[in-house]
Structures are given as C-alpha cells and as structure tokens.
Amino acid sequence: AVVSTQSTGVDSSVKNLRNAVRNIKNLKSKYGTFYVTGNHEYYTNDVDNWLNYLRDHLGVVTLHNQHHVITNGNASICVAGIDDPQAEKMSYPDHAPQPVQAVDGCPDNSPVIMLAHQPKAAKLAIKSLSRVDLVLSGHTHGGQFFPIHVPVWLTNPYFAGLYSVSRDTHVFVSRGLRFYGAPMRFLSYPEYTSVYLHVKPE
C-alpha cells in the first residue's frame, strides 16, 4: 500500500501547526507516504520548513520535483511529484513545477505515477512528458458548494473524478476530505480515495 497526499495541506507555519499534524507519523503504508506541495503551502511563506519537517520528523517522502522508485521483486513503479504552480507567483522560483526533472532517472520500463496538486499542473505534466501513466491531483474540492462549482469547473482542465486522457494516460482528481473558506459542502461530497493498480494481462 502507498499513501499519497496532493490536496490542500496547511495554512500556517510549522511552528503553529506542529502538533496538529503530528499524527501523520502514524500513517501505515508498506511502500511509503508521499507528499507534494499545494498552493496553500506557499501562502504560509514557510514551505521549505514544511518539506523538511515532514521528511525529517514525520517520515514522509517529500517529492520536490523528484521521484521515488518502488520495487517489488523484478517489478517497479516510479512515483514522481512536482511542485505547485503557485510557487512562481509567490516568489519561489526554485519551486516551479518541473515534470521532466521529476521523472529524470525513472526506469524506462516502470509505470510512472505523478503527484500534482492542481489539475493545471497535471495537464502540464502530461504535455511535458512522453509518458505518464497516472496523475493524482486534488485542489478543486469538487467545487465544494454550488454555485462555486461553475467557475471551478471552467478554470480547471480536470474537475473531479477519473479522466482517460489517452489509452495509456489517466488523471484522477480527488474531491478531498475537508473544505476551504466556508465550512460547508453542497453537491460535492468529501472523499478518501483508494486507487488499485492491476498488472495488465499479457
């Protein structure tokens, strides 16, 4: 099992939220817990401290335009992650999403799973790479509540759920568990998603 988080994470500094996130350390996953930044991490002006804290104290594999290869016998999967596009707007030029850099060194025969918080970043990854098998995204909250659904749907290339971009490339956008701003959801249910991967029959 693998745990990944690519949805809205934090809205304050490590100093303020250290205790609130400590239970992340209790997540159990055979192959690791993976994390990429979302737009809100850049609003905190503490994103580098978050990456360091999650990695060094909570045991999370932080993917800062990087990848991690999971192996099981002769089989492997490359889990890659890119930074959020909001980074450039918040004067973090070294955090711009870099899909090519993120997968550099992935084994040629390994499926590639890309973590990208915003659907716009998911689209960037697909356009930038010759092959990506699955992109896991979030950000939209499934619109959260009507009528906010409409602008969210119009401004994101993928809104919620599973998209087949091509025969070999898919995008899944999670609606997430919570909310942003107004503490409510309407016509947008919260979800915790389990994704099962199966070996393609030869």
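Quantities reported herein were computed from a predicted structural model and do not represent experimental measurements.

1. So, the overall build of the chain
1) Next: When its secondary structure is counted, the chain shows seven helices and nine strands.
2) Next: A total of 202 residues make up the chain; the buried ones form 44% of that total.
3) Next: Considering only contacts within the chain whose residues lie at least 6 apart along the sequence, 61% involve residues at least 24 apart.
4) Next: For the chain, the exposed area adds up to about 11,500 Å²; of that, 53% sits on carbon and sulfur atoms.

2. Details of a nonpolar patch on the surface
1) Next: A contiguous nonpolar patch, built from Phe146, Val150, Trp153 and Leu154 and spanning about 460 Å² of accessible area, is present on the exposed surface.
2) Next: Mapped onto the elements, Leu154 comes out in helix α7 (residues 149-155).

3. Side note on helix α6 (residues 119-128)
1) Next: All of the buried residues in α6 are Pro119, Ala121, Ala122, Ala125 and Ile126. The buried residues of α6 occupy an angular sector of 155° when projected down its axis, which confines them to one face.

4. Brief notes about the packing of aromatic side chains
1) Next: Tallied over the entire structure, the rule returns three aromatic pairs.
2) Next: For the ring pair Tyr42 and Tyr92, a centre distance of 5.3 Å and an interplane angle of 65° mean the geometry is edge-to-face. Taken together, the positions of Tyr42 in helix α2 (residues 39-43) and Tyr92 in the loop between α4 (86-89) and α5 (99-103) put the pair 50 residues apart, joining distant regions of the chain. An identical accessibility class is assigned to Tyr42 and Tyr92; each is buried.
3) Next: Judged by centre distance (6.4 Å) and plane angle (80°), the rings of Trp50 and Tyr53 are edge-to-face. Remark: Tyr53 and Trp50 occur in helix α3 (residues 47-58); sequence separation between them is three residues, near one turn of the helix.

5. A short note on the pattern of salt bridges
1) Next: All chains considered together, the criterion is met by two salt bridges.
2) Next: When the shortest N-O distance is used, the salt bridge between Asp56 and Arg55 registers 3.0 Å.
3) Next: With a closest N to O distance of 2.6 Å, Arg131 and Asp133 form a salt bridge.
4) Next: Overall, the relative accessible area of 35% leaves Arg131 in the partly exposed class.

6. Topic: α3
1) Next: For α3, with twelve residues, the first-to-last C-alpha span of 15 Å sits near the 16 Å given by 1.5 Å per residue.
2) Next: Of the residues making up α3, those classed as buried are Val47, Trp50, Leu51, Tyr53, Leu54 and Leu58. With its buried residues spanning 165° around the axis, α3 presents them on a single face. Counted as exposed and oriented over 90 degrees from the buried face of α3: Asp56 and His57.
3) Next: Looking at the buried positions of α3, the neighbouring elements they touch are α1 (14-17), β2 (33-35), α2 and β3 (61-62).
4) Next: Two residues or fewer past α3, Gly59 is found with a positive phi of approximately 75°.

Conventions adopted
Residues numbered from 1 in each chain as written. Predicted model: local features only at pLDDT ≥ 70, side-chain atom pairs only at ≥ 80, totals over all residues. Heavy atoms only, no water. Helix = DSSP H or I, 4+ residues; strand = E, 2+ residues; numbered from the N terminus. Buried < 20%, exposed > 50% of the residue type's maximum accessible area, 1.4 Å probe, protein only. Contact = heavy atoms within 4.5 Å. Areas by Shrake-Rupley, 256 points an atom, 1.4 Å probe, with all protein chains shown as cover. Patch = residues over 30% accessible without salt bridge, like charges linked within 9 Å, V, L, I, M, F, W, Y side chains within 5 Å. Salt bridge = Lys/Arg side-chain N within 4 Å of Asp/Glu carboxyl O. Arc of directions from axis to C-beta. Phe/Tyr/Trp six-rings, centres within 6.5 Å; stacked < 30°, edge-to-face > 60°. Expected span 1.5 Å × (residues − 1).

Function cannot be read off these values alone, since they describe shape.
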